[in-house]
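For reference, the chains in residue letters:
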Amino acid sequence: MVDVANAAERGRQVSSRKSEKGAGWECDQIGTFAELVLNRHSFTWLNPKTLWRSRNEILALLFGDPSNDARRRWMAALRERDPGEVDLRIDHRDLGDTYSFLVLGDTGEGDFSQYAVVPGLLKLGEGTGFAVIASDVIYPTGSGNEYEDKFFRPYQEYQAPIYAVPGNHDWYDGLGGFMRVFCGLPTVDGLSPGGLRGLLWRKPEKIDEARLAEAMTRRSRPEQVSRQPGPYWMIELANLLVVAIDTGITNGIDADQGAWLRRVSADPRPKVLITGKPIYVNNEYHPCPIEGGGTVDEIVRDPAHRYVAAIGGDVHNYQRYPVRVGDRTIQYIVSGGGGAFTHATHTIPRVDVAGVPEDSFKCYPLRGDSLSFYSLQYSRRLRMRWLYLTPEESLAIMSARIGNNPPRPTDAGPRITRRMRWAARLLGIWPFPFHLPVGKFFHRYVSELNDWDTPPFFKSFLHLSVTPEELRIRCFAATGCLAQELEPPMEDDVGIPLTTS
């Protein structure tokens, strides 16, 4: 079993917060992950067919999200099959009171950026009790016919169960692929909505059962096989509950799920919430409404429920907001860097949401590295060499713009020139002389349309270690470079007390 404490200390010394090399800028050799990739054709959102297959997101935003109704049908089918299953509980108390597990989000593109995470994940995942995928297991539409290269093959050597909560992309297939793979349930009727929305809605894809059965053999060892009780569930551990919710396409949960969440949250043990969409992200607050009234975050904040962290996927990077709630701190985390394209972090403004101080906020990639990488991408695409900002220049721009100390050691830094300011404007961080919301546009569209297949990838995953006294959450990076594959950088580390004084 890997000594995670020692690996973490070594990882701290080689992280992007220590050097440009730790960020993957000096990539002497690409990692071994490239040998694992079967499909050499890059997954891309620039393909009109991919965008058309994903149209249910737009339809749900325009005409309403049908996920709650479809989820009720799935849950009725599960209750018919498993009438004794009420609490949707997975029992892992056999792990004892000292154990560890992994969390990674937004994994399933099936290309280089997903597979780049695998070597570090396997190294640090050795001896962990289980892993959880938080959102978007399969892109672009959650099809059951795409699980081999995007789930079973990349994680075939992980020697423990993998559970998941669905993301919006898994719902574009009516949750058919997800429920078949993780819950062992064939399709149910009535997954597509009616009316005008139903005419345009992408219908669930018929699963090739023979193909899926062959794919499942890749994770068929007894220690790997698992079946979760639904799209939302809880894992019972000796001294912790991991509570996972399904937020559908547009970030909401149905009344039945809300009642279940309130019921399991009444357990007196400390808890970690896993959710398809984060509650705090990009300096914004999204409490997640519950059908019929209330929000998920109201349940999380209730001191009687003892939530110590809430981890969500959907946004493809790492962010952490330590939010003070009464006399305690809840760690709200974004963990969506498990494989899909990286969302820009340089467009995150100076953090002040919920009273979180900027210097207490953590993100990966660092804002400066995000700005530098996107400037490199677009200087090449647009053939505008002046648009490129070096990592050092980007660090200086972001520190001036955010008003914080540079997160990576640096000399005095370059003087910010007119060229650098105009490059930063076009990349969504420096204000124009007139109002132009480039930042939000950049995050929502430009990041999404700018996937890449060469290092640095700026991917990440979480390793959670639990003792009777403490939960420790560490964020490890995957750049795609061999040096960081052999010694995964640790980008963040937070300890959370589990005992009450």
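Attention in this report is confined to the structure presented alongside it. The model shown is predicted, which means the values in this text are computed figures rather than measured ones.

A contiguous nonpolar patch, built from Ile58, Leu61, Leu62, Phe63, Leu196, Leu199 and Leu200 and spanning about 750 Å² of accessible area, is present on the exposed surface. Put simply, the parts of the chain that give the nonpolar patch at least two residues each are α4 (56–63) and α11 (195–200). Top element by residues in the nonpolar patch is α4. It accounts for 4 residues. Structurally, the position occupied by phenylalanine 63 is in helix α4. Assessed through its relative accessible area of 42%, phenylalanine 63 is described here as partly exposed.

A complete count under the given rule lists 34 salt bridges for this structure. For lysine 150, the salt bridge identified is with glutamate 146, shortest N-O distance 2.5 Å. Classification of lysine 150 by relative accessible area gives buried; the value is 10%. Judged by its relative accessible area of 18%, glutamate 146 falls in the buried class. A salt bridge links arginine 301 to aspartate 297, with the nearest nitrogen and oxygen atoms 2.6 Å apart. With arginine 301 and aspartate 297 both in helix α14 (residues 296–301) and 4 residues apart, the pair spans about one turn of that helix. Arginine 301 sits in the partly exposed class, given a relative accessible area of 24%. Take aspartate 297: its relative accessible area is 0%, and that puts it in the buried class. Among the charged side chains, a network of salt bridges with common partners joins Glu9, Arg12, Glu470, Arg472, Arg474 and Asp493.

Bringing the pairing of strand β3 (residues 131–134) into the picture now. Across the two faces of β3 the burial is the same, with Ala131 and Ile133 and Val132 and Ala134 all buried. Here strand β2 (residues 99–104) runs beside β3; their pairing, made up of 3 bridges, is parallel. Pairing of leucine 104 across the sheet is with isoleucine 133, part of β3. By the bridge criterion, 4 bridges tie β3 to strand β4 (residues 162–165) in an arrangement that is parallel. In the sheet register, alanine 134 faces β4, and the bridge partner there is valine 165. Between β3 and its parallel partner β4, the chain crosses via helix α8 (residues 147–152), and the hand of that crossover is right-handed.

Rules used throughout
- Sequence order as written defines the numbering, with residues in each chain counted from 1.
- With pLDDT at 70 or above as the cut-off, local features in this predicted model cover only qualifying residues; side-chain atom pairs require 80 or more to be listed or tallied, and sums for whole chains, interfaces and linings still use all residues.
- Each side-chain value is derived from all of the structure's non-hydrogen atoms; neither hydrogens nor water enter the calculation.
- For patch detection, residues must exceed 30% relative accessible area and be free of salt bridges, and they are connected within 9 Å for like charges or within 5 Å for nonpolar side chains (Val, Leu, Ile, Met, Phe, Trp, Tyr).
- Here the Shrake-Rupley method, with its probe set to 1.4 Å, supplies the accessible areas, and only the displayed protein chains count as covering residues.
- The term salt bridge refers to a pairing of a side-chain nitrogen on Lys or Arg with a carboxyl oxygen on Asp or Glu at a separation within 4 Å.
- A run of DSSP states H or I qualifies as a helix once it reaches four residues; a run of E qualifies as a strand once it reaches two. Both are numbered from the N-terminal end.
- Accessibility here uses a 1.4 Å probe with only protein chains present; expressed as a share of the type maximum, an area under 20% marks a residue as buried, one over 50% as exposed, and anything in between as partly exposed.
- Strands pair, by our definition, only if DSSP identifies at least two bridges between them.
- Handedness is read with the strands pointing away from the viewer; a crossover is right-handed when the path from the first strand over the helix to the second is clockwise.

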